[in-house]
Amino acid sequence: MTTAMAISLQVNGERIDAQVPPRLNLADFLREHLHLTGTHVGCEHGVCGACTVRVNGEIVRACLMLAVQADAASVETIEGLSDSGEISDLQTAFSDRNALQCGYCTPGMLMTAQDLLKQEAEPTRERIREHLSGNYCRCTGYQAIIDAVEATARLRGKRTA
Amino acid sequence: MKASAFAYARATSIDNALELLAASGDRAKVLSGGQSLMPAMNLRLISPELIVDISGLVELRGIVVHGTMIRIGALTRHVDILKSHEIAAHAPLLRDAVAHVAHPAIRNRGTIGGNLAHADPASELPACLLVLGGTILVRGLSGERRIAAAEFFRGIFQTALAPTELVIGVEIPVMRKTSAHFFDEFTRRHGDYAIVGLAAQAEVEKGVFTDFRLGFFAVGDRPILARAAGILLSRAVTPSLISEASDALGVEIEPQEDQQASAAMRRHLAKVLLARAVAALLGRPELRHAGGAV
């Protein structure tokens, strides 16, 4: 039973059928089988947040979910959010404020920040910190990231006002 | 690292899961939310031969209030508890605690049943279940058992659960209108495992505790209800009484040393939380630093 199993899922809106061994986690499936390398692999035990993706609209750690568990699910990666333009303002804010340096954490940061901004229109800096607390950044010291998320929330507020 | 190879079975019903477990015994592991199991497998701390995935069993999801009891299905996720109006109204201690459990992406998958069955001594929910007088509902092929939280947690990652049994849910008494609760913990980073934590619930009449339950976690091999709470019952609380309770607490707990903290540091932090809880529950901020808590 350790042999490959058939899965069928949506990835960034595209239907994917694949054969995967049970031990393969979702992050490695996205990276190595689908070549969607925007999902980064850091700690592989749920601490760093670099592998954050959306499954059925909710953010999860792709390293803590088996690819076989994504059968019938809708998965969205940073490539999907980026190509659709959903987070272009957030990406611009990250760039403008130097909220990234090496960029390793950035896909996970963007996924998690967008998750917060979808749920709360005007998060305080404290709330932003709390929501991003599961995402490590070893370059920026976080201040610029909080600035970028806060600025994006303000801009989006103005646009809808 | 990556998990070693294993066979995978998606359970189609509770009975199907129990049959799979009965056939494999302790060579199998139950996959619920996977937020503790997967790290342990990726780190090769465990290498089960069979994963029994119960995450599709919808009958194990949901929060229902029956009279004076709240029943929470084992597959109810942390995020569901955090957003539940029933929990906010009838077990607000749980909601406050869950906000400290890991991070949003993990709370979106981690489940209450998995959390309790895992029995991490630094985990928030086991201590809450103790304080709330909760019952863990367990099913095996021979039937259902109800295990009081006080009897369920047996040590580090050890419970009264047999390898062939499943946690199917928990029952918690609805909080009385007159009860007050408190939750706080020390962590290096919000959402990390606690260095020391405290879940508490109390009845206060005219500034005096008539009931007081202190559930400390990460101070030993399992969560405990501190006997020191008894010292603060039915008497006017003064800084010297808190000192007395604080000393008793220091003797009672047996914290372990690890890379996060020494045993002495954990003892100190437990006392700090005790004073904070008393001050908050009695609405007397001046007691926050009583008993040497700074």
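Residues numbered from 1 in each chain as written. Chains lettered and ligands numbered in written order. Predicted model: local features only at pLDDT ≥ 70, side-chain atom pairs only at ≥ 80, totals over all residues. Heavy atoms only, no water.

### Some remarks on the overall build of chain A
The helix and strand tally for chain A stands at 6 helices and 5 strands. In chain A, the succession of helices and strands from N to C terminus is β-β-α-β-β-β-α-α-α-α-α. At 16 Å, chain A has a C-alpha radius of gyration in line with the 15 Å of a compact globule built from 161 residues. The dimensions of chain A, computed from C-alpha atoms along their principal axes, are 50 × 30 × 20 Å. When burial is assessed residue by residue, chain A has 53% of its 161 residues classed as buried. Contacts in chain A between residues far apart in sequence, at least 24 positions, make up 55% of those at least 6 positions apart. For chain A, the distance from the average site of its 15 positive side-chain charges to the average site of its 20 negative ones is 5 Å. (Helix = DSSP H or I, 4+ residues; strand = E, 2+ residues; numbered from the N terminus. Rg over C-alpha atoms; globule rule 2.2 N^0.38 Å. Buried < 20%, exposed > 50% of the residue type's maximum accessible area, 1.4 Å probe, protein only. Contact = heavy atoms within 4.5 Å. Lys, Arg positive; Asp, Glu negative; His and termini not counted. Charge placed at Lys NZ, Arg CZ, Asp CG, Glu CD.)

### Considering unusual backbone geometry
You will see that N56 of chain A, though not glycine, has its phi angle at about 50 degrees, which is positive. Structurally, N56 of chain A can be placed in the loop between β3 (52-55) and β4 (58-61).

### Here's the deal with helix α8 (residues 124-132) of chain B
All names here are of chain B. Most of α8 is tucked away: 9 of the 9 residues are buried. Of all the positions in α8, only E124, L125, P126, A127, C128, L129, L130, V131 and L132 are classed as buried. Two residues or fewer after α8 comes G133, characterised by a positive phi angle close to 65 degrees.

### A short note on the pattern of salt bridges
Overall, the coordinates contain 27 salt bridges over all chains when judged by the stated rule. Residue R15 of chain A pairs with D17 of chain A through a salt bridge whose shortest N-O separation is 3.0 Å. This pair shows no difference in class: R15 of chain A is exposed, exactly as D17 of chain A is. Its salt-bridge partner being D258 of chain B, residue R266 of chain B comes within 3.0 Å of it at the nearest N-O pair. You can call R266 of chain B buried: its relative accessible area is 4%. Take D258 of chain B: its relative accessible area is 37%, and that puts it in the partly exposed class. Ionic contacts of the salt-bridge type, sharing partners, join the residues R125, D147, E150 and R154 of chain A into one network. (Salt bridge = Lys/Arg side-chain N within 4 Å of Asp/Glu carboxyl O.)

### Section: empty space enclosed by the protein
Throughout the structure, instances matching the rule amount to 1 cavity of 30 Å³ or more. The computed volume of the largest cavity comes to approximately 30 Å³. If you trace the largest cavity, you find it lined by T52, I59, R61, T112, H131, G134 and N135 of chain A together with H103, P104 and A105 of chain B. Of all elements in the fold, only β4 of chain A together with α6 (104-107) of chain B reach the threshold of two or more residues within the lining of the largest cavity. Considering only residue class, the lining of the largest cavity consists of 3 nonpolar, 6 polar and 1 charged. (1 Å grid on protein atoms, 1.4 Å probe; cavity = no way out; pocket = protein on both sides within 12 Å on 5 of 7 lines; lining within 4 Å. Points joined across faces, edges and corners; volume = space filled by probe spheres on them. Nonpolar A, V, L, I, M, F, W, Y, C, P; charged D, E, K, R; others polar.)

### Concerning the pairing of strand β12 (residues 196-205) of chain B
All names here are of chain B. A large share of β12 lies buried, amounting to 8 of its 10 residues. In this structure, strand β11 (residues 179-186) lies alongside β12, joined through 8 bridges in antiparallel fashion. By the bridge assignment for β12, E185 is matched with G197. Between β12 and strand β13 (residues 208-217), which pair antiparallel in sequence order, lie 2 residues; one of them, K206, sits at a positive phi of approximately 50 degrees. (Pairing = 2+ DSSP bridges.)

### As for the sheet that holds β3 of chain A
Residues and elements named next belong to chain A. Strand order across the open sheet formed by 5 strands is β2-β1-β5-β3-β4, with mixed pairing between neighbours. Only two strands of the sheet have a single neighbouring strand rather than two, namely β2 (14-20) and β4. Strand-to-strand twist in this sheet, taken as the mean axis angle between neighbours without regard to direction, amounts to 40 degrees. Relative to β2, strand β1 (residues 5-11) runs antiparallel, the two being bridged by 7 bridges. Opposite I7, over in β2, you have A18 as the bridge partner. (Axes fitted to C-alpha atoms, helices over the stretch in contact; angles between N-to-C directions.)

### A short note on the environment of A73 of chain A
All names here are of chain A. Its location among the elements puts A73 in the loop between β4 and β5 (74-76). Residues A73 and S8, 65 residues apart in the sequence, show an inter-C-alpha distance of 8.1 Å. If near-sequence neighbours (up to four positions away) are discounted, A73 is found in contact with L9, Q10, V55 and N56.

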